[in-house]
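# Remarks on the overall topology
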Amino acid sequence: MQNFVRWIEIDLDAITYNFSQIRQLVPEHVRIMSVVKADAYGHGGVEVSKALAEAGTDMFAVTTVEEGMELVHSGIRQPVLVFAPLLPFQAEIVLESGLIPTIDSPEAFDALATWSEKRGVGARFHLKVE
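What counts and what doesn't
- Residues numbered from 1 in each chain as written.
- Predicted model: local features only at pLDDT ≥ 70, side-chain atom pairs only at ≥ 80, totals over all residues.
- Heavy atoms only, no water.
- Pairing = 2+ DSSP bridges.
- Helix = DSSP H or I, 4+ residues; strand = E, 2+ residues; numbered from the N terminus.
- Right-handed = clockwise from strand over helix to strand, strands pointing away.
- Buried < 20%, exposed > 50% of the residue type's maximum accessible area, 1.4 Å probe, protein only.
- Contact = heavy atoms within 4.5 Å.

### Topic: the pairing of strand β3 (residues 80-85)
Here strand β2 (residues 59-62) runs beside β3; their pairing, made up of three bridges, is parallel. Residue pairing in the sheet places Phe60 in a bridge with Val80 of β3. Crossover β2 to β3 through helix α4 (residues 65-73) is right-handed. Since β3 and strand β4 (residues 100-103) lie parallel, the crossover through helix α5 (residues 91-97) that links them has a hand, and here it is right-handed.

Right under this line is the structure:
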């Protein structure tokens, strides 16, 4: 059996070019959210996010709190939405990190509200309704 060398080459210039083409297609007042979940689909979440931040994306979306914290800790300043529903025990860290959680249960809402009140800060969130 032969061993193959495997690699992938990511062209951040191509990614930012594609972003600029999308930006030109939508009205200026429309905000763009760049989805960089799963390590930007294996392309390098932090690197892709930094390139898109510089290109002018308005916000980011990730799957997990951990992915969101990685972006925040790497210096990303745009808002970061977390798609996975907030678990009540994550409420404090979400507020500390400035992430925008997805709320899908009264328990998660109560936990976020409790920590928001304790910290004296407002909490933005995405409400998932089925």
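### Looking at the sheet that holds β4
Backbone-to-backbone hydrogen bonds join strands into a sheet, with any given pair of strands oriented parallel or antiparallel. Ordered in space as β1-β2-β3-β4-β5, the five strands form an open sheet in which the pairing is parallel. Each of the sheet's edge strands pairs with one partner strand only, and the pair in question is β1 (33-35) and β5 (126-127). In this sheet, β4 lies alongside β3 in parallel orientation, the contact comprising two bridges. What sits directly across from Pro85, in β4, is Thr102.

### Quick word on the side chain of Ser97
Within the fold, Ser97 resides in helix α5. Since its relative accessible area comes to 12%, Ser97 is described here as buried. Beyond its immediate stretch of four places on either side in the chain, Ser97 contacts Met69 and Val72.

### Description of the environment of Leu86
Among the secondary structure elements, Leu86 is positioned in the loop between β3 and α5. The exposure class of Leu86 is buried, given its relative accessible area of 4%. Once you skip the residues sitting within four places of it in the chain, Leu86 turns out to touch Ala91, Val94, Pro101, Thr102, Ile103, Ala108 and Leu112.

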